[in-house]
Amino acid sequence: MKYDYLVVGAGLFGAVFAQQAKAHGKKVLVIDKRDHIAGNVYTEKIEGINFHKYGAHIFHTNNKEVWDYIGNFATFNRFTNSPVANYKGELYSLPFNMYTFNKMWNVTTPKEAQDIIRKQRKEITREPQNLEEQAISLVGRDIYEKLIKGYTEKQWGRDCRELPPFIIKRLPVRLTFDNNYFNALYQGIPIGGYTKMVENLLTGIEVRLSENYLEKKEEYDNLADTVLYTGAIDAFYNYCYGNLEYRSVRFENEILDTPNFQGNAAVNYTDRETPYTRIIEHKWFEFGKDENGNDLDKTIISREYSAEWKPGDEPYYPINDEKNSALYSRYKELADKEKNILFGGRLGAYKYYDMDGVIAAALELCKSCFDD
Ligand code: UDP
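1. Notes on the site of the ligand
Every one of the 17 residues lining the ligand counts as a neighbour, but T152, W156, Y181, Y317 and Y352 are closest to it. At 2.9 Å, a side-chain N or O of N268 approaches an oxygen atom of the ligand. Surface burial for the ligand is 93%, taken as the share of its 520 Å² of free accessible area covered by protein chains. Mapped onto the shell around the ligand, the elements with two or more residues apiece are α6 (141-156) and α7 (166-169). Looking at which element gives the most residues to the shell around the ligand, the answer is α6, with six residues. Looking at the shell around the ligand residue by residue, the classes come out as 11 nonpolar, four polar and two charged.

2. Overview of the sheet that holds strand β1 (residues 3-8)
Across the sheet, which stays open at both edges, the five strands sit in the order β9-β2-β1-β10-β16 with parallel pairing between neighbours. On the outer flanks of this sheet lie β9 (206-208) and β16 (341-343), each paired with one strand and no other. Each strand axis lies, on average, 20° off the axis of its neighbour in the sheet, ignoring direction. Pairing geometry for strand β2 (residues 28-31) and β9, over three bridges, is parallel. Of the residues in β9, the one forming a bridge with I31 is R208.

3. What to know about the pairing of strand β10 (residues 224-229)
Taken across its six residues, β10 has five buried, putting it largely inside the fold. Sheet analysis places β1 next to β10, joined by five bridges and oriented parallel. Each bridged residue has a counterpart across the sheet, and for Y5 the counterpart in β10 is T226. Bridging between β10 and β16 involves three bridges; their strand directions are parallel. Across the sheet, the residue bridging to V227 is I341, located in β16.

4. What to know about the side chain of Q155
Topologically, Q155 is positioned in helix α6. Setting aside residues up to four positions removed in sequence, Q155 forms contacts with R247, T277, S306, Y317 and Y352.

5. Brief notes about the side chain of E304
Tracing the backbone through its elements, the reader meets E304 in strand β14 (residues 299-308). In contact with E304, other than residues within four places in its own chain, are V249, R250, F251, Y276, T277, R278, I280 and Y317.

6. What about the packing of aromatic side chains?
Tallied over the full model, the rule gives 32 aromatic pairs. With a centroid separation of 4.9 Å and an interplanar angle of 75°, the aromatic rings of Y99 and F177 are classed as edge-to-face. Separated by 78 residues along the polypeptide, Y99 in helix α3 (residues 98-105) and F177 in the loop between α7 and β8 (186-188) bring together distant segments of the chain. Under the relative-accessibility criterion, F177 is labelled partly exposed at 46%. Ring centres of Y269 and Y276 lie 5.2 Å apart, and the angle between their planes is 80°; on these two criteria the pair is classed as edge-to-face. Site record: aromatic cluster; members linked through ring pairs are Y213, Y220, Y229, F236, Y237, Y241, Y331 and F343. Over the ring of Y276 we find R303, and its NZ or CZ is 5.5 Å from the ring centre.

7. A closer look at unusual backbone geometry
The linkage connecting L94 with the following residue, P95, adopts the cis geometry, with an omega of -5°. Within the secondary structure, P95 sits in the loop between β7 (90-93) and α3. Phi angles above zero are rare outside glycine, and A38 is one such case at about 85°. Considering the arrangement of structural elements, one finds A38 in the loop between β2 and β3 (43-46). For Y350, which is not glycine, the phi dihedral falls at a positive 50°. Overall, the relative accessible area of 2% leaves Y350 in the buried class.

8. Focus on the packing of α3 against helix α4 (residues 110-121)
Direction vectors running N to C along α3 and α4 enclose 70°, while the axes themselves pass 10 Å from each other. When the axes of α3 and α4 are compared, the pair comes out roughly perpendicular. Contacts from M98, F101 and W105 of α3 reach α4 at P110, A113, I116, I117 and Q120. In the contact of α3 with α4, the residues fall into seven nonpolar, one polar and no charged.

9. Concerning the packing of helix α1 (residues 12-23) against helix α8 (residues 194-201)
Running from amino to carboxyl end, α1 crosses α8 at an angle of 30°, the nearest separation of the two axes being 8 Å. Considering their axes alone, α1 and α8 lie roughly parallel with respect to each other. Two secondary-structure elements touch here, α1 through L12, A15, V16 and Q19 and α8 through M197, V198 and L201. Grouping the amino acids of the contact of α1 with α8 by side-chain chemistry returns six nonpolar, one polar and no charged.

What counts and how
Residues numbered from 1 in each chain as written. Predicted model: local features only at pLDDT ≥ 70, side-chain atom pairs only at ≥ 80, totals over all residues. Heavy atoms only, no water. Near = heavy atom within 4 Å. Polar contact = N/O pair within 3.5 Å; in protein donor to acceptor, adjacent residues only side chain to side chain. Areas by Shrake-Rupley, 256 points an atom, 1.4 Å probe, with all protein chains shown as cover. Helix = DSSP H or I, 4+ residues; strand = E, 2+ residues; numbered from the N terminus. Nonpolar A, V, L, I, M, F, W, Y, C, P; charged D, E, K, R; others polar. Pairing = 2+ DSSP bridges. Axes fitted to C-alpha atoms, helices over the stretch in contact; angles between N-to-C directions. Buried < 20%, exposed > 50% of the residue type's maximum accessible area, 1.4 Å probe, protein only. Contact = heavy atoms within 4.5 Å. Phe/Tyr/Trp six-rings, centres within 6.5 Å; stacked < 30°, edge-to-face > 60°. Lys NZ or Arg CZ within 6 Å of the ring centre and 35° of its normal. Parallel < 35°, antiparallel > 145°, perpendicular 65-115°, else oblique.

If you want it as structure tokens, here you go:
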């Protein structure tokens, strides 16, 4: 065999695995069906702005091992995610905190806010069984109706009563004046863009782009002892049990001849009527400056539309509801029987990972492969 490992997918999971394999003296080949590396974290420089082509990625983690590891490949800036919610023209701070409660109920103290939430959450009398019950039990009905329901139903294309509670548990609720979206010790955007970071991970590793593994599977399998596959697991098995469901995202991008469109990296449109879920203004991930610290005259915005995935679309979010989780378990059973094929990443593991979770899972897999 020519290679010890064939890594299918040059996204974050594949790149971390390849980097570690190389560091352990293994021969690695990375292939990707796209014409670029970095998977969905790919950024591209347009008008001096690092444009997040497949949606906004803000790195955040509490995992020191992950932070120390990725710090070898990028320096992170001090960006802190504080999205603004726009509900029919009313602006609210996110995540849910004292600024949000002040605007919603005109309260000024944590006690007043807590009293309202306590009163409103009384309508939920059992352990939350779905996202609606979970949301109301966290922040009450007012916030659920204005800031959660519309956004969530647009994003997932499903009624909040049909979605699992854990999705909304990602969002912090605070009785302090703190607009930092993440409860993370470490946070930032890699200076110079994510593509540069992935390039650094892949230094010295052979990469072939525009190569579709599933179309030439046998040929590729003959090249390496072990394959790490980071594509969609149901596609790998030719959808033999039927296809898993995903949410896809479509972006309408615009370059505008104005220096400041919305004054923030992310504005979420939380009503049901606005067809997009959010608008990202990419320059604010880097404080509106180019790499030399100069102000930029133009701006790039992306309106984000959520869509049900259908074959041929890019899958973005796995839908971890009961039906899909059960179907995934069946594919996982097949995967567990494979001797020379490993699976990983958001699509390979059908898991709603954040970037740090992807890196942690990749490092975990590496330990089991490379540590004696
Ligand atoms: N969410 C919401 N309103 C918002 C932002 C998020 O209700 O303004 C909910 C929604 O259900 C979403 C979940 O919180 O699916 C997680 O949001 P997050 O921003 O973490 O998702 P991502 O950035 O990964 O799309």
